[in-house]
Amino acid sequence: MTAEIQIPAIMKIGAGAFSEVGSVLVRLHCARPLIVTDPFLVSCGLAKRLQDQIVHAGIRCEVFAETVPDPTTDAVDIGVRTYLAGGHDSLVSLGGGSSIDTAKAIGLLVANGGRASDYKVPNPVPKAGPPHIAIPTTAGTGSEVTRFAVISDSISQEKMLIAGSSLLPSAAIVDYELTMSMPQRLTADTGTDSLTHAIEAYVSRRANRFTDTFALSAMKTIWEELPIAFRQPENRAAREAMMLAATLAGIAFSNASVALVHGMSRPIGVFFHVPHGLSNAMLLPAVTRFSAVAAPGRYAHCARAMGIAAQDDAEQFAVSKLVEGLFRRNEELQVPSPKGYGIPEERYFEVIPTMAAQALASGSPQNNPRIPSAQEIEQLYREVWN
């Protein structure tokens, strides 16, 4: 089978890439961009730095800073009104996955109308939005190179997956220097999100030889470098490696899709406001153990690529080392269980059937090597509770 590969038309990667946003806007013939960011990046002055360099390039722009964690349809709607009222012709997102996904959804609605919920998977996205330059400030989501956005419906509280080639940013500015001030918890969570992207892209039923190369490289780097970046936040080499690996993992999963971990992670986020990378980490070891029986060779290859298993280890032994390694890594990165995070027990178990239904509806579990039933997903939610 052939594989269709989609990546941004322009990618600027490395220290100092942030200073090239103005020239990229000129290349894309953008005259009035809207910067989409969050209140923190405004307060620390990074949004102003971006705005100043765009203005210095002779381009007028404004800042929309009402992005929220786990972006909602309400926040997106405000962004759409801001975009239209300002007569903007393009978008520049600055921040983590929330800012980038918010910008993607704004562009989607500017071009197609309606609400974000109208385009959740499996509904198509008919028209492409305006040019969009994505600038990640975390080494995790990979959203700067993907054709996906995750938006929470403000009415139903469902965390919706939206997919389509028109969501792919026109350009990605990947500058690891923007991650140097990331706090320890965010480093761990976004790094584990990237690791999950790489592993799920490699074992996905939609994996291909192109995405395999990116996924294996990313998971090897993340496994080696994440503990260093976690313990030594000022280590520039580790930060650079993690930033590049996050982008490689993003390219991998954008073109091969994620699987069961992500399908189960999104409902935990929407019901209990657990950061996305952290909910992935809560699930990754147990879901890997559940899934590996259907693709032991692929999971064993992950273990060998990451250096957890030796090249001559038997397949099942390598898989068991991978599962054990993922559990140990969670301990090392101080990942709590849902119970340890403080989620109310009664409410958690009450919504398990709804979370399982939402996980299946996202489509991600259907890419898993072992396609689960609703009952099996419910059991996995119970298993990871503590």
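Just above sits the structure.
The shown structure was predicted, so the numbers you read here are calculated from the model rather than taken from an experiment. (Residues numbered from 1 in each chain as written. Predicted model: local features only at pLDDT ≥ 70, side-chain atom pairs only at ≥ 80, totals over all residues. Heavy atoms only, no water.)

## Comments concerning the overall build of the chain
- From N to C terminus, the chain includes 15 helices and eight strands.
- The C-alpha extent of the chain, read off along each of the three principal axes, is 60 × 45 × 45 Å.
- In the chain, buried positions account for 59% of the 386 residues.
- Once local pairs closer than 6 in sequence are excluded, the contacts in the chain between residues at least 24 apart make up 77%. (Helix = DSSP H or I, 4+ residues; strand = E, 2+ residues; numbered from the N terminus. Buried < 20%, exposed > 50% of the residue type's maximum accessible area, 1.4 Å probe, protein only. Contact = heavy atoms within 4.5 Å.)

## Quick word on the sheet that holds strand 3 (residues 62–64)
- In space, the six strands of this open sheet follow the order 1-8-5-4-2-3, with parallel pairing throughout. Both outer strands of the open sheet, strand 1 (10–13) and strand 3, are each paired with one neighbouring strand and no more. Across the sheet, the mean angle from the axis of one strand to that of its neighbour is 15 degrees, orientation sign disregarded.
- Here helix 3 (residues 46–56) sits on the sheet in contact with strand 2 (33–36), strand 3, strand 4 (90–95) and strand 5 (132–136), set at roughly 145 degrees to strand 4.
- Each of strand 2, strand 3, strand 4 and strand 5 touches helix 5 (residues 97–112); the most contacted strand, strand 4, lies at about 165 degrees to it. (Pairing = 2+ DSSP bridges. Axes fitted to C-alpha atoms, helices over the stretch in contact; angles between N-to-C directions.)

## Observations regarding helix 6 (residues 184–203)
- Helix length check: helix 6 (20 residues) gives 29 Å between terminal C-alpha atoms against 28 Å at 1.5 Å per residue, within 8%.
- Among the 20 residues of helix 6, 17 are classified as buried, and the element is accordingly described as predominantly covered. (Expected span 1.5 Å × (residues − 1).)

## Some details on the environment of V76
- For V76, the position within the fold is in helix 4 (residues 73–85).
- A relative accessible area of 0% places V76 in the buried class.
- Counting along the chain gives 19 residues from V76 to G95, while the straight-line C-alpha distance between them is 15 Å.
- Once you skip the residues sitting within four places of it in the chain, V76 turns out to touch T102, A105, I106, L109 and I151.

## So, the packing of helix 9 (residues 260–272) against helix 10 (residues 276–291)
- As a packed pair, helix 9 and helix 10 sit with axes 8 Å apart at the nearest point and diverge in direction by 140 degrees. Our classification of the angle between helix 9 and helix 10 gives oblique. Here helix 9 runs over helix 10; the crossing is right-handed. Contacts between helix 9 and helix 10 involve L260, V261, H262, M264, S265 and I268 on the former and, on the latter, H276, S279, N280, L283, L284, V287, F290 and S291.
- Taken together, the residues of the contact of helix 9 with helix 10 sort by class into eight nonpolar, six polar and no charged. (Parallel < 35°, antiparallel > 145°, perpendicular 65-115°, else oblique. Left-handed = near helix turned anticlockwise from the far one by under 90°. Nonpolar A, V, L, I, M, F, W, Y, C, P; charged D, E, K, R; others polar.)

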